[in-house]
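Chain by chain, the residues run as shown.
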Amino acid sequence: MHELPVMQSVLVVVLRHASLHRVGRVHSIRLRVGLLSDLEPEWMQRYFDHLSAGTVAEGAKLVVEWAPAVFVCLKCSNRFELDHKRFDEVACPSCGERDFRLVSGREYHIVDMEAQ
Amino acid sequence: MMSEIRVIEVKEEILGDNRREADGLRESLRAGGTFLLNLMSSPGAGKTTLIARTIESLGQRYRIGVLEADIESTVDAERISALGVPAVQIRTGGFCHVDAFMVKNALDAIGASALDIVIIENVGNLVCPAEFDTGAHMNAMILSVPEGDDKPLKYPLMFTVCDALVVNKTDYLGMSDFDMPAFRQRVLKLNRGMAIFELSAKTGRGLDAWTGWLDGAVSSFLGRPAG
């Protein structure tokens, strides 16, 4: 639901870098987003297309890299990725402990962009 | 002829502009001695009732104001104003969340420098508000018993960004299959430091633990002894 303001923020950053590097056209933009974020790729692209019309980023393709949710086991300190929506059904793959904590999965970055 | 395609490193945070605004807001509020609390939940979980109860309990010790972010109506703002504390409506322009820029305008409108505590009643929604830093010094959320104990699985992000969780409507516990120990364990897996308060804002049961905890947090923020 909040993809519109998020993509507005992405566009502002992209246009700033495009102007800084004096490029005439942005072809693609790579984002790294934690799986804990509820962003829908389809809507991200649609909103981005809408917002970027008439700019050098018009037509640019968004490439989203999803960063996994990573948990750490409280018993053996093993770090492992798992489906964050099923985290109470599983145990630590290394020692079987069921008590573990989330350590990452909230990345929210613009990595780079291809432009000419 | 067009030049070659090249890769330009960006390495910037999405919503970095909002984060910077929020950081600036947090700092200036701290310097001015105003504690900003961001309260989030689903619609109908009991935000307005909890705020009203909190004001009843702490309103003698602190000057409190409320920023209401209800999307359409002014019903909540009227209910809070009836308690004799200042309330300002945040206009979200139809958005599903409040961001730091909106909060800054509303803080100016309410006259935050004359207040000890400002509470943001965020838009009723467990998804979007979790993504936007409001500039608050503390994020708190409400999960009400009728919503079910599976919500940390469905909306994990919200549970990771909050410092405190109020489990409201505990007067419904006997009528539901809400599994409190399982719920607590799910929450703590996502957020080990979460302070959890089980209460009924309606009956008042369990409310003292929440208001006492908030009192402690605010008094240490303001550098004065808690009541």
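Residues numbered from 1 in each chain as written. Chains lettered and ligands numbered in written order. Predicted model: local features only at pLDDT ≥ 70, side-chain atom pairs only at ≥ 80, totals over all residues. Heavy atoms only, no water.

**As for the overall build of chain A**
The criterion, for reference: For helices the rule is a DSSP run of H or I covering at least 4 residues; for strands it is a run of E covering at least 2, with both sets numbered from the N terminus onward. As a reference, a globule follows 2.2 Å times the number of residues to the power 0.38, and the radius of gyration itself is taken over C-alpha atoms. Whether a residue is buried, partly exposed or exposed follows from its accessible area with a 1.4 Å probe, protein chains only, as a fraction of its type maximum: under 20%, in between, or over 50%, in that order. Any two residues whose heavy atoms approach within 4.5 Å at even a single point are treated as in contact. Residue-level accessible areas treat just the shown protein chains as cover; the underlying method is Shrake-Rupley with a 1.4 Å probe. Counted as positive: Lys and Arg. Counted as negative: Asp and Glu, with His and the chain ends omitted from the count. Think of each charge as sitting on NZ of Lys, CZ of Arg, CG of Asp or CD of Glu.
Regarding its fold elements, chain A presents 2 helices and 6 strands. Counting from the amino terminus, helix and strand elements in chain A follow one another as α-β-α-β-β-β-β-β. Taking 2.2 N^0.38 as the reference for a compact globule, 116 residues should give roughly 13 Å; the C-alpha atoms of chain A span a radius of gyration of 18 Å, well beyond that estimate. Buried residues in chain A amount to 45% of all 116 residues. Residue pairs in contact within chain A that sit at least 24 positions apart in sequence constitute 70% of those at least 6 positions apart. As presented, chain A carries roughly 5700 Å² of accessible surface, and 49% of it is formed by carbon and sulfur atoms. Here chain A carries 14 positive and 16 negative side-chain charges, and the mean point of each set is 4 Å from the other.

**Observations concerning the interface of chain B and chain A**
Keep this limit in mind: Salt bridges are counted wherever a side-chain nitrogen of Lys or Arg sits within 4 Å of a carboxyl oxygen of Asp or Glu. Polar contacts here mean pairs of N or O atoms no more than 3.5 Å apart (in protein, one a potential hydrogen donor and the other a potential acceptor; neighbouring residues in sequence count only if both atoms are side-chain atoms). Gly counts as polar in this scheme, as do all residues outside two lists: the nonpolar Ala, Val, Leu, Ile, Met, Phe, Trp, Tyr, Cys and Pro, and the charged Asp, Glu, Lys and Arg. When DSSP locates at least two bridges between a pair of strands, those strands are taken to pair.
Between chain B and chain A, the residue contacts involve 37 residues of the former and 40 residues of the latter. At the junction of chain B and chain A, the tally comes to 2 salt bridges. In this assembly, chain B and chain A are joined by 18 residue pairs in polar contact (both at pLDDT 80 or more). Residue composition of the side of chain B that touches chain A, by class: 19 nonpolar, 6 polar and 12 charged. Pairing geometry for strand β6 (residues 108-115) of chain A and strand β1 (residues 6-13) of chain B, over 6 bridges, is antiparallel. When the bridges of β1(B) are listed, A:E114 appears paired with B:V7.

**Quick notes on the side chain of B:S144**
Residues and elements named next belong to chain B. Following the sequence through the fold, S144 ends up in strand β6 (residues 138-144). At 2.6 Å, the side chain of S144 and the side chain of E147 are in polar contact. Ignoring sequence-local partners within four residues, the contact set of S144 consists of A45, N168 and K169.

**Concerning the sheet that holds strand β5 (residues 100-104) of chain A**
The condition is simple: For helices, the axis comes from a line fit to the C-alpha atoms of the stretch in contact; other axes are also lines fit to C-alpha atoms, and the angle between any two N-to-C directions lies between 0 and 180 degrees.
If you walk across this open sheet you meet the 3 strands as β4-β3-β5 (chain A), and the pairing is antiparallel. Taken across any chain shown, the strands that pair with only one partner, and hence form the sheet edges, are β4 (79-81) and β5 of chain A. Looking at each pair of strands side by side, their axes are set apart by 40° on average, direction ignored. The pairing of strand β3 (residues 70-73) of chain A with β5(A) spans 4 bridges and is classified as antiparallel. When the bridges of β5(A) are listed, A:C73 appears paired with A:F100. Sheet contacts for helix α7 (residues 180-190) of chain B: β3 and β5 of chain A; angle to β5(A), the most-contacted strand, approximately 35°.

**Quick look at the layout of surface pockets**
Using the following cut-off: In the cavity and pocket records, a cavity denotes points on a 1 Å grid over the protein atoms alone where a 1.4 Å probe fits but cannot get out, a pocket denotes an open set with protein on both sides within 12 Å along at least 5 of 7 lines, and lining residues are residues with an atom within 4 Å of a point. Grid points are joined across faces, edges and corners, and a volume is the space filled by probe spheres set on the points.
Each pocket or cavity is described by its volume, and for the largest pocket that value is around 330 Å³. Residue lining of the largest pocket: 19 residues in total, with A:R106, B:R19, B:A130, B:E131 and B:V161 positioned closest to the centre. Going through the elements one at a time, α1 (16-32), β2 (35-40) and α6 (156-161) of chain B are the ones with two or more residues in the lining of the largest pocket. Tallying contributions element by element places α1(B) first for the lining of the largest pocket, with 3 residues. The residue inventory of the lining of the largest pocket, partitioned by class, reads 9 nonpolar, 4 polar and 6 charged.

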